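Residue-level structure breakdown
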Amino acid sequence: MSDADQKITGFDLWYLSLPVVSARDHGIGRVDGACEVVVLRLTSEGGETGWGEASPWVVFTGSPEATYAALDRYIRPLVLGRKVGDREKIMLDADRAVAHCTEAKAALDTALLDLAGHISKQPIHQLLGGKCRDAIPLSVSLANPDFAQDRALLDRLREDGVRIVKLKTGFRDHAFDVMRLETLAQDYPEFAVRVDYNQGLDPEDALARVRDVATFRPDFIEQPVRAPLYDLMAQIREAIDVPLLADESVFGPEDMSRALREGICDGVSIKLMKSGGFARAQSVATMAASHGIGAYGGDMFEAGIAHLAGTHLIAATQAIDLGCEFYQARYYLAEDILETPFPCDGGHVQVPDAPGLGIRPDLDKLNHYCISRGRAA
Ligand SMILES: [Mg+2]
């Protein structure tokens, strides 16, 4: 029996509540207390395991409860008994079995690749075609409603060699955003600054506020208005001379196609949690690149498994060329769930070369933070 013929015999879920170190405000939503993520473990008949993580944000992609149900009730039966090598077909079946729930499908795709990687002893980036880069510039988001705490974080980032920050804006008044941009320019000039509204602006004053922020010459301004407002995104893009990025407006290739047609952005945030898997994420990147549009590796409120999945995606996708923001494992969670720290060094995420994702989750931590565990197969 070849490795790819091995059957999947185990499907286990952990619903985790992971404490965070501070509140964060992001345009249309707040995170405080804890993040909730769902972790999936697939087991092959040979006893190998593959892990995946679903990291929803309820105001953005969906709820953790829906994610858990999608995996537990609708995806589990179509995975058990299937061959490890049937990833493409399994993903198609998952897409048909449950609408949306892209985070659940991202977790499934990650676990299938991690399992195949451990069986074949290859890193996921190798299974995706090989890596184009060994390290990925890290951007850390500033979203603390208490800016004094973000200043302390900036000092730590400076020491750690991080040189890109993304300022979350639009959750309070415009003066607060301007004050923080002025502080960054004056006191932290070594940082490249990106701005992300997370859909936080009202249509009436969005253009005026974005125009004003553009005078600070950030690298880009991201998603100032609600996701469906494509016309307004296009108008804002037309009115400013700083690149405009789409995040919430573009989940998968279908959205990217429309975004390109309607000219709403100069760049796009690519996330496995939005695309629902690696192939669709790579399609978005390829479509963007074919129009000369840049892409970066965004994330949700993730733990280390999802960060690793994104790291392999970017390592193997040349077109995702604006770095990544996989900072939560190190800078936001009170404790991550990996056996060894998520690999960041000198302001870059280091791409692992060990089989699969490259680092395993720590089972003790999973059980410690678990508030509900799926039934064993
Ligand atoms: Mg964003």
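This one's a predicted model, so the numbers in the text were calculated from it and none came from an experiment.

A look at the overall build of the protein
- From N to C terminus, the protein includes 14 helices and 16 strands.
- Relative to the globule expectation of 21 Å for 377 residues, the C-alpha radius of gyration of the protein, 20 Å, shows essentially globular dimensions.
- Referenced to the eigenvectors of the C-alpha coordinate spread, the extents of the protein come out at roughly 65 × 40 × 35 Å.
- Relative to its 377 residues, the protein shows a buried fraction of 52%.
- Restricting to contacts in the protein with at least 6 residues of sequence separation, those with at least 24 account for 74%.

Quick look at unusual backbone geometry
- Of note, Cys101 is a non-glycine position whose phi angle comes to about 50°, a positive value.
- Positionally, Cys101 belongs in the loop between α2 (87-97) and α3 (102-120).
- For Cys101, a count of 27 C-beta atoms within 10 Å gives the class buried.
- Positioned with a positive phi, Gln199 is a non-glycine residue whose angle comes to about 70°.
- By the secondary structure assignment, Gln199 is in the loop between β9 (192-196) and α7 (203-214).

Side note on the pairing of strand β7 (residues 139-142)
- The side-chain alternation of β7 yields two buried faces, one formed by Ser139 and Ser141 and the other by Val140 and Leu142.
- Summarising the sheet, β7 and strand β8 (residues 164-168) pair through four bridges and their orientation is parallel. Residue pairing across strands places Val140 opposite Val165, the latter belonging to β8.
- Of the crossover connections in this fold, the one passing from β7 over helix α5 (residues 147-160) to the parallel β8 is right-handed.

Focus: the domain arrangement of the protein
- Taken domain by domain, the protein comprises domain 1 (3-121 + 363-373) and domain 2 (127-350).
- Looking at the side of domain 1 that touches domain 2, the elements with two or more residues in it are β1 (8-19), β2 (24-26), β4 (34-44), β5 (49-54), α3 and α14 (363-369).
- Considering only residue class, the side of domain 1 that touches domain 2 consists of 20 nonpolar, nine polar and seven charged.

Here's the deal with the sheet that holds strand β10 (residues 221-222)
- With parallel pairing, seven strands are arranged side by side in an open sheet as β7-β8-β9-β10-β11-β12-β13. Each having just a single partner strand, β7 and β13 (294-297) make up the two edges of the open sheet.
- With two bridges connecting them, β9 and β10 associate as parallel partners. Across the sheet, the residue bridging to Asp196 is Glu222, located in β10.

Points about the pairing of β8
- Among the five residues that make up β8, five are buried, leaving the element largely enclosed by the rest of the structure.
- Both β8 and β9 contribute to a ladder of five bridges, which runs parallel. The residue bridging Leu167 from the neighbouring strand is Val195, located in β9.
- In terms of handedness, the path from β8 via helix α6 (residues 174-187) over to β9 forms a crossover that is right-handed.

The rules behind these values
- Residues numbered from 1 in each chain as written.
- Predicted model: local features only at pLDDT ≥ 70, side-chain atom pairs only at ≥ 80, totals over all residues.
- Helix = DSSP H or I, 4+ residues; strand = E, 2+ residues; numbered from the N terminus.
- Rg over C-alpha atoms; globule rule 2.2 N^0.38 Å.
- Buried ≥ 20, exposed ≤ 12 C-beta atoms within 10 Å, placed from the backbone.
- Contact = placed C-beta atoms within 7 Å.
- Pairing = 2+ DSSP bridges.
- Right-handed = clockwise from strand over helix to strand, strands pointing away.
- Domains from an automatic or database assignment.
- Nonpolar A, V, L, I, M, F, W, Y, C, P; charged D, E, K, R; others polar.

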